[in-house]
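Residue-level structural notes
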Amino acid sequence: GEEKDPYMYDNLLPLRTAIVDGFESNAKLFYERQFKFFNDITGISGIIKAFPKGPQRKSACISALQEIQLEHGCYLPSNPDSLVLDIVRASGQPMQSAAKAPYLATFQVRYLGINKLEATGIRYSSGNKIALPTPPDGKDSYKSAIFKVGDDCRQDMLALQIIELFKYIFQQVGLDLFLFPYKVVATKPGCGVIECVPDSKSRDQIGRKANTSLFSYFKKEFGEEGSQKFKTARRNFIKSMASYSVIVWLLQIKDRHNGNLMIDKEGHIIHIDFGFMFESSPGGNLAFEPDMKLTGEFVDIMGGKIDAPQFKSFMKLCVHAYLAVRPYWKEIIYLVQLMLDTELPCFRGQTIEQLRHRLQPHLSDFEAARYMISIINSSFLNFRTRAYDMLQYRQNQIPY
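Here goes a summary of the coordinates provided. Please read all numbers here as calculations on a predicted model, not as lab measurements.

Definitions and cut-offs
- Residues numbered from 1 in each chain as written.
- Predicted model: local features only at pLDDT ≥ 70, side-chain atom pairs only at ≥ 80, totals over all residues.
- Heavy atoms only, no water.
- Helix = DSSP H or I, 4+ residues; strand = E, 2+ residues; numbered from the N terminus.
- Buried < 20%, exposed > 50% of the residue type's maximum accessible area, 1.4 Å probe, protein only.
- Core = buried A, V, L, I, M, F, W, Y, C linked by side-chain atoms within 4.5 Å.
- Contact = heavy atoms within 4.5 Å.
- Pairing = 2+ DSSP bridges.
- Axes fitted to C-alpha atoms, helices over the stretch in contact; angles between N-to-C directions.
- Lys, Arg positive; Asp, Glu negative; His and termini not counted.
- Salt bridge = Lys/Arg side-chain N within 4 Å of Asp/Glu carboxyl O.
- Patch = residues over 30% accessible without salt bridge, like charges linked within 9 Å, V, L, I, M, F, W, Y side chains within 5 Å.
- Areas by Shrake-Rupley, 256 points an atom, 1.4 Å probe, with all protein chains shown as cover.

1. Here we look at unusual backbone geometry
We note that Gln252 has phi near 50°; this positive angle belongs to a residue other than glycine. Mapped onto the elements, Gln252 comes out in the loop between helix 8 (228-250) and strand 8 (261-264). The phi dihedral of Gln360 is positive, around 45°, even though this residue is not glycine. Mapping Gln360 onto the fold places it in the loop between helix 13 (351-359) and helix 14 (365-379). What makes Gln360 buried here is its relative accessible area of 5%.

Have a look at this one:
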């Protein structure tokens, strides 16, 4: 964020200046107040990086949140439709990260809708006390977000744009699959805000709270295997597992340790953190992990063996998802091509060729289905998945 882009900086700076200078006085105050709020909140990530991981960093995080002066009339970048009423000061929580210092914070917000929020923010700028519009449901809520400094969020944004496209495709063809493309906003170079997945826990958190398998956790949360609630949760798990497995393979998303896998209250699995994808992977780009994460505990939920009816359902949904997105191979490639000039670490010269190969546009549907099944078979209980989880446990104490 400190280096001036040799092509765009001199062209875009006058444009931004002209836009800001063209604001009316109250709108300009709203703009300045909003971006001060962004910078203050996000900057805490940079402050706490100087502290060692553990209690000292957490204490520093909460202290820094206490220092934030919240001016009324601001919103979270990840939720521009909701007015921030207050900061839950004790909510500051540093996140697991090998090199950076992201942290999580929670805010009391009031949903207004974008147009009403903007009008409210501008009215606040006049200096007069105003009565806030009543939320449509009669109550306010709490939103959590993760803030990062020194991390390029554009790669996450690209992954989530493709996930959003896949979700749209699945809906258009009537596939009963699940994806949750949460919001990520790059607030300025090297800084960003990430929406937290609501009503969910990471597999890492589940492991820390109770040293138990995911299958045992499902039985504890949803009842015995024969109960309808468990069957519904397992179906939700399979629907989400299939859609994310295809995406993880197509985009070559790596670093799939248990801190990057969320389980929501309905049993869906949701992938987060797309810092390694396409041609980049942890450990000096070793590409050690298999194409899909199909561990023993995931397989247990899906019937326990490769010929179980539930696992066959998972494979069938993977095939359907793959066949659904292949007709859009050009659109997917165009979306990625738009980002090639950004010099993001995931692009190393062969991204498009390798992505086109995985999409296999020249194959018939029958041949593509067989190809998809071969990817699943090669990933099934692959020893490299368990080895990577063991490595993450040794290095970062992430349970598996």
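2. A short note on the nonpolar core
Counting 83 residues, the largest nonpolar core has Phe218, Phe237, Phe314 and Met372 as the members making the most contacts within it. Looking at this core, the element that brings in the most residues is helix 8, giving twelve residues. Ignoring any residue separated from it by four or fewer positions in sequence, one finds Phe314 in contact with Ile238, Met241, Ala242, Ser245, Leu294, Met302 and Ile376. Counting residues in hydrophobic clusters, the runner-up holds 30 residues, among them Val84, Leu85, Phe107 and Val193.

3. Points about the sheet that holds strand 9 (residues 269-271)
Strand order in the open sheet formed by three strands is 7-8-9, with antiparallel pairing between adjacent strands. In this open sheet, the two edge strands, each paired with only one partner strand, are strand 7 (200-202) and strand 9. On average, adjacent strands in this sheet sit at an angle of 30° to one another, irrespective of strand direction. When strand 8 meets strand 9, the two strands line up antiparallel, connected through three bridges. Considered in strand 9, the bridge of Met262 is made with Ile270.

4. Considerations on the side chain of Glu279
Mapped onto the elements of the fold, Glu279 is located in the loop between strand 9 and helix 9 (282-285). Look at Glu279: it is buried, it has no salt bridge, and the nearest opposite charge is Arg348 at 6.3 Å.

5. Quick look at a nonpolar patch on the surface
The grouping of Tyr7, Met8, Leu12, Leu15, Ile19 and Phe23 at the surface amounts to a nonpolar patch, some 630 Å² of accessible area in total. Relative to the elements of secondary structure, Leu12 occurs in helix 1 (residues 9-21). The class of Leu12 is partly exposed, set by a relative accessible area of 44%.

6. Overview of the pattern of salt bridges
Scanning the model with the defined rule gives nine salt bridges in all. Linking Asp140 and Arg110 is a salt bridge whose minimum nitrogen-to-oxygen distance equals 2.7 Å. Here Asp140 is found in the loop between helix 4 (114-124) and strand 4 (141-149), whereas its partner Arg110 is found in strand 3 (residues 103-111), with 30 residues between them in sequence.

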